[in-house]
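As a plain string of letters, each chain reads:
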Amino acid sequence: MRISAASAFLVLSLCLCAPAAFGQQPPAAPAGDKPASAPAKPAPAPASSARSDAAEARYRSWVEKEHAKDAAVFAKEKTKIEDKYKGYVRPKREKKDAKGEQAAPPVKP
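For every chain, the first residue of the written sequence is number 1, and numbering continues from 1 onward in sequence order. Selection of residues for local features in this predicted model requires a pLDDT of at least 70, selection of side-chain atom pairs for listing and counting requires 80 or more, and totals for whole chains, interfaces and linings are taken over all residues. By convention in this description, side-chain values take in all heavy atoms of the structure and omit both hydrogens and water.

**Student:** Would you take a moment to explain the pattern of salt bridges for this structure?
**Tutor:** Side chains bearing opposite charge may pair, as long as their charged atoms lie close to each other. Salt bridge, as used here: a side-chain nitrogen of Lys or Arg that lies within 4 Å of a carboxyl oxygen of Asp or Glu. Applying the stated criterion across every chain yields a total of 3 salt bridges. In this structure, Glu56 engages Arg60 in a salt bridge whose closest nitrogen and oxygen atoms are separated by 3.0 Å. Pair noted here: Glu56 and Arg60 are both in helix 2 (residues 47–84), with a separation of 4 residues, about one helical turn. For every residue, the accessible area obtained with a 1.4 Å probe (protein chains only) is divided by the maximum for its type, and the residue is called buried under 20%, exposed over 50%, and partly exposed between those limits. For Glu56, a relative accessible area of 38% translates into the label partly exposed. Residue class for Arg60 comes out partly exposed when judged on its relative accessible area of 48%. Between Lys80 and Glu77 there is a salt bridge, and its shortest N-O distance comes to 3.9 Å. One end of the pair, Lys80, and the other, Glu77, are both in helix 2, 3 residues apart, so they sit about a helical turn from each other. When its relative accessible area of 38% is taken as the criterion, Glu77 is described as partly exposed. Only DSSP runs of H or I with at least four residues qualify as helices, and only runs of E with at least two residues qualify as strands; both kinds are numbered from the N terminus onward.

The structure is reproduced here in structure tokens:
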């Protein structure tokens, strides 16, 4: 008789999950431990949290530097364009579908 991998996995998972499913309690704590009614202290934050905070800070500083570089390049380009067109005023043109006064027809001699 051969057992397939799927049925073996099913049997193993049932063996591991069955005690919790039937309401069995975990083994009682040894007598030397704190009483069950005493509140448990929260576990200290793992070191990986400190590492991730440091990585987050490095990322934020890098993003701020990149934004500052982009802003400097943009300001430089903007100044260059403003200097190029300094004093230039766009001529006013009549709109095609202008409402209101129309220009007088030209006088023929």
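Right, picking up where we left off after that structure.
**Student:** Help me understand a nonpolar patch on the surface in this model?
**Tutor:** Every patch collects residues that have over 30% relative accessible area and no salt bridge, joining them within 9 Å if they carry like charges and within 5 Å if they are nonpolar side chains (Val, Leu, Ile, Met, Phe, Trp, Tyr). To measure how exposed things are, a 1.4 Å probe is used in the Shrake-Rupley method; for residues, cover is taken only from the protein chains shown. Nonpolar side chains collect at one region of the surface, where Ile81, Tyr85 and Tyr88 lie side by side and expose about 370 Å² of accessible area between them. Its location among the elements puts Tyr88 in the segment after helix 2.

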